[in-house]
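Structure at a glance
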Number of protein chains: 2
Amino acid sequence: MAVITPSRRVRSTPFTPGVEAAGVKAYTVYNHMLLPSRFTTFEEDCTHLKNHVQVWDVACERQVALEGPDARRLLQLLTPRDLTKLSLGRCMYVPVVDQNGGMLNDPVALQIDKDTYWISIADSDLILWVKAVALANELNVKIYEPDVSPLGVQGPKAEDLMARVFGEAVRDIGFYSCARFGFEDTVFTVARSGYSKQGGFEIYVEGHEYGMPLWETLFDAGEDLQVRAGCPNLIERIESGLLSYGNDMTAENTPLECGLGRFVSQNQLEHCYGGQALAEEIAAGGPIQQIRAFAIEGEIPPCVQAWPIYAAGQYVGQVTSAINSPDFQTNVAIGMVAQSHWNDGTAVEVETDDGMRPAMVREKFWN
Amino acid sequence: MAVITPSRRVRSTPFTPGVEAAGVKAYTVYNHMLLPSRFTTFEEDCTHLKNHVQVWDVACERQVALEGPDARRLLQLLTPRDLTKLSLGRCMYVPVVDQNGGMLNDPVALQIDKDTYWISIADSDLILWVKAVALANELNVKIYEPDVSPLGVQGPKAEDLMARVFGEAVRDIGFYSCARFGFEDTVFTVARSGYSKQGGFEIYVEGHEYGMPLWETLFDAGEDLQVRAGCPNLIERIESGLLSYGNDMTAENTPLECGLGRFVSQNQLEHCYGGQALAEEIAAGGPIQQIRAFAIEGEIPPCVQAWPIYAAGQYVGQVTSAINSPDFQTNVAIGMVAQSHWNDGTAVEVETDDGMRPAMVREKFWN
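As a starting point, this report considers the structure included with it. Here the structure is a predicted model, which means the values were calculated and not measured.

**Examining the overall build of chain A**
Assigned secondary structure in chain A consists of eight helices and 22 strands. Radius of gyration (C-alpha) of chain A: 21 Å, near the 21 Å computed for a compact globule of 367 residues. Taken along its principal axes, the extent of the C-alpha atoms in chain A is 65 × 50 × 40 Å. Across the 367 residues in chain A, those meeting the buried criterion constitute 62%. For chain A, the proportion of contacts with a sequence separation of at least 24, taken over those separated by at least 6, is 66%.

**Some words on the packing of helix α5 (residues 158-166) of chain A against helix α6 (residues 211-221) of chain A**
Geometrically, a packed helix pair is captured by the angle between its two axes and the distance between the axes. All names here are of chain A. Two elements in contact, α5 and α6, have axes whose closest approach is 9 Å; the angle formed by their N-to-C orientations is 115°. For α5 against α6, the interelement crossing comes out right-handed. On α6, the residues touching Leu-161, Met-162, Arg-164, Val-165 and Phe-166 of α5 are Leu-214, Thr-217, Leu-218 and Ala-221. Its residues placed into classes, the contact of α5 with α6 shows seven nonpolar, one polar and one charged.

**Considerations on the environment of B:Glu159**
Residue and element names in this part refer to chain B. By the secondary structure assignment, Glu-159 is in helix α5 (residues 158-166). Sequence-distant contacts of Glu-159, defined by excluding residues within four places in its chain, comprise Val-170, Arg-171, Arg-192 and Phe-201. Engagement of the side chain of Glu-159 in a polar contact is seen with the side chain of Arg-171, the distance being 3.2 Å.

**Details of helix α3 (residues 71-78) of chain A**
Residue and element names in this part refer to chain A. With six of eight residues buried, α3 is to be regarded as a mostly interior element. Turning to α3, its buried residues number three or more, namely Ala-71, Leu-74, Leu-75, Gln-76, Leu-77 and Leu-78. Elements that come into contact with the buried residues of α3 comprise β5 (63-67), β7 (96-97), β9 (108-113), β10 (116-120), α4 (126-136) and β11 (142-144).

**Here's the deal with the relation of the copies chain B and chain A**
Each copy of the chain is related to the other by a rotation around an axis and a translation along that axis. Of the transformation superimposing chain B on chain A, the axial component is 0.0 Å and the angular component is 180°, with the fit at an RMSD of 0.0 Å. These values place the two chain copies in the arrangement generated by a two-fold rotation axis. It is B:Val3 whose C-alpha, among those of chain B, lies nearest the rotation axis, at 2.0 Å. When you check the interface residues of chain B against chain A, 100% turn up at the interface there too, and the contact is symmetric in its surfaces.

**Topic: empty space enclosed by the protein**
Overall, the coordinates contain two cavities of 30 Å³ or more when judged by the stated rule. The computed volume of the largest cavity comes to approximately 110 Å³. Lining the largest cavity are 15 residues, and of these A:Val29, A:His32, B:Val29, B:His32 and B:Asp123 sit closest to its centre. Elements with a contribution of two residues or more to the lining of the largest cavity: β2 (26-30) of chain A together with β2 (26-30) of chain B.

**Describing the nonpolar core**
Counting residues in each nonpolar core, the largest one holds 162 residues, and the members touching the most others are A:Phe166, A:Ile203, A:Leu218, B:Phe166, B:Ile203, B:Leu214 and B:Leu218. B:Leu218 has contacts with B:Val55, B:Leu151, B:Val153, B:Leu161, B:Met162, B:Val165, B:Ile203 and B:Val227, leaving out every residue within four places of it along the chain.

**Details of the side chain of A:Thr5**
Structurally, A:Thr5 is set in the loop between β1 (3-4) and α1 (16-21). A polar atom in the side chain of A:Thr5 sits 2.6 Å from the side chain of B:Ser37. Non-local contacts of A:Thr5, meaning those with residues more than four positions away in its chain, are made with B:Ala26, B:Tyr27, B:Thr28, B:Ser37 and B:Phe42.

**Overview of the packing of aromatic side chains**
Inspection of the entire model under this criterion finds 22 aromatic pairs over all chains. Measuring from ring centre to ring centre gives 6.3 Å for A:Phe365 and A:Trp366, while their planes differ by 70°; the resulting arrangement is edge-to-face. Here A:Phe365 falls in the partly exposed class, since its relative accessible area comes to 21%. Relative accessible area serves as the criterion here: at 13%, A:Trp366 is assigned to the buried category. Between B:Trp118 and B:Tyr204 the ring centres are 6.0 Å apart and the planes differ by 35°, which places this aromatic pair in the tilted class. In this pair, B:Trp118 sits in strand β10 (residues 116-120) while B:Tyr204 sits in strand β15 (residues 200-206), placing the two residues 86 residues apart along the sequence. Here B:Trp118 matches B:Tyr204 in class, with each residue buried. Feature note: the residues A:Phe15, A:Trp215 and A:Phe219 constitute an aromatic cluster, connected by ring pairs.

**What to know about the interface of chain B and chain A**
Each partner contributes residues to the interface: chain B has 47 residues there, and chain A has 48 residues. In this assembly, chain B packs against chain A so that about 4100 Å² is buried in total across both faces, 59% of it on carbon and sulfur atoms. Ranking the residues of chain B by area buried against chain A places B:Val3, B:Arg8 and B:Arg9 at the top, with a combined share of 21%. Counting across the chain B and chain A interface gives four salt bridges. Counting across the interface, chain B meets chain A through 23 residue pairs in polar contact (both at pLDDT 80 or more). At the level of elements, β1 (3-4), β2, β3 (33-38), α4 (126-136) and β19 (314-325) of chain B are the ones that each hand at least two residues to the side of chain B that touches chain A. For the side of chain B that touches chain A, the leading source of residues is α4(B), giving seven residues. In terms of residue class, the side of chain B that touches chain A is built from 24 nonpolar, 15 polar and eight charged. One ladder, built from two bridges, connects β2(A) with β1(B); its direction is parallel. Looking at β1(B), one finds that A:Tyr27 is bridged to B:Ile4.

What counts and how
Residues numbered from 1 in each chain as written. Chains lettered and ligands numbered in written order. Predicted model: local features only at pLDDT ≥ 70, side-chain atom pairs only at ≥ 80, totals over all residues. Heavy atoms only, no water. Helix = DSSP H or I, 4+ residues; strand = E, 2+ residues; numbered from the N terminus. Rg over C-alpha atoms; globule rule 2.2 N^0.38 Å. Buried < 20%, exposed > 50% of the residue type's maximum accessible area, 1.4 Å probe, protein only. Contact = heavy atoms within 4.5 Å. Axes fitted to C-alpha atoms, helices over the stretch in contact; angles between N-to-C directions. Left-handed = near helix turned anticlockwise from the far one by under 90°. Nonpolar A, V, L, I, M, F, W, Y, C, P; charged D, E, K, R; others polar. Polar contact = N/O pair within 3.5 Å; in protein donor to acceptor, adjacent residues only side chain to side chain. Least-squares fit on C-alpha atoms with pLDDT ≥ 70 in both. 1 Å grid on protein atoms, 1.4 Å probe; cavity = no way out; pocket = protein on both sides within 12 Å on 5 of 7 lines; lining within 4 Å. Points joined across faces, edges and corners; volume = space filled by probe spheres on them. Core = buried A, V, L, I, M, F, W, Y, C linked by side-chain atoms within 4.5 Å. Phe/Tyr/Trp six-rings, centres within 6.5 Å; stacked < 30°, edge-to-face > 60°. Buried area = accessible area lost by both parts, 1.4 Å probe. Salt bridge = Lys/Arg side-chain N within 4 Å of Asp/Glu carboxyl O. Pairing = 2+ DSSP bridges.

Okay, structure coming up:
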């Protein structure tokens, strides 16, 4: 197996010294930045995540900051989701689409101040689109990547660990809400969010110099909770149906195809890029293919490219993420499948790199 | 050392089976795609490159295709370089800048057909900017990433190997020119270009199914030339002063700061994004900092973040790429330094991750 070559272009994070000391076994690259992908095996990492608490270096969830009188107007131009309810203390998942309704990113937006918003992005240089949209609409807004690095605290004991470090008030943060908490001589935005379904928080660490002090504080406080370094886990995220931009969806897909229709607001389609295309898709009866869960039988190799899905010899879709789940005793997978074959329980075949495997479409994910 | 986790998001290339079989030792990720970074050591790879011929998987140099009646107009909007001389058979290095003159990418542009251009990009999702610019200017142009994967053939014996595979006519291709050559039942654009100064070609492999057949044909034809798998080599590219977007320059830098002033055309500044900002920079007397070569003394660690440069205790710039060069018996480096200290022979100090090192500014690179 080949190692990864770091460089300035493939950026380290404020937490990299902690990640390395914890014995990271594998990385991926996300937003031109190192993202740990495994500390032991995917299976062991998964079991620990489901039982204890992990600290995740997700600094690669870079922020695109929008600052200025037109910041909110710009944000609303970017997404078909109605942002009326976005306010201080609230996080919103906002699909960002191009003029054809194709997904450009699926970030979380936060209001940070009266005229300041952060878009916490998935893996694409969304800032290029945002800058050009602002320019085209002559908006008065400054757009930049601030020195903010999210740190995840995930798992069933996450709340206990967070309460020890930030105080009991963290327990009051609702899901997809955020609040400000002190650390040393500064203040961080803390949200109840994260890329797992085991519960947890994301700390938006402002100022890279606070990275390792916070990392160490969390580890010192959580020893008896069996805290350890972790990262988004391939098994758990597929079981949970957490989509990965670039894997499960690309600019070729609309939010409706991705099962994100609840984030597409009819009243908003006249006011955003791609709104007309999405309105037409809805008027035509909705998407003709959609994301589904798949249970695949037999042994499967790592899924490093799209695997075609067949039914009676006809191509009907593709699987884009898959791995064996010890807990559910099947291979859990995410794919996109044609309307004709997307019903729960439909039998299909998936052509893995090691050959054809029987599979079943599932309406629901596992977690 | 941590390994890399492949996924659909961190794409394999049409040549990955060949790269793996050749025993790749390390990868980086570039445009969401695997880019080999080392097959033996950097030193051995470098020596071989300078003496023989290597086949490089540079599929990560993805193409942004511009197709339609307004394609040329769009391309000219993107760059301060005058494209009047861009024609079929010609490649041009075109810095792409934002409205502030900040570098968004430093691609090579090729005219492929009357109304079709390819932009062969460095490591950023330039397509997002290009799409938004086309939309803002209501241009009639289709923008997409075609199924095109460049394969490099680099080194002093590259021309001999290419002539064996594509015929003697490849010898007539001039530097930064291109022509069409047959392979099996198809035709590829072949350019005399590449990310080394050892001479060579880039084959724009259209259709991923031709990737491994071409790879194998080149290896079969070049056995006595000691052909082997290679990749852009960190030592050779620094010796040669080949800049790396994301390492040596970012959106914070103008082309003038990057020493790319010869690609900024005065007559073009009224007609492109960022032109006004560049005109102001020129009117003010030019850049206040610029890329230079640096020879650093002593032992140095890998350069994975910017190293500050000091003169008499004052911060005057930063080194962004550095490695030991056995051939030149010094550490070769690329950095950006203030006008006050950019003259050839200026003594400075560079703060590496292992401590301060004496260094010398050089007007010229080594190759």
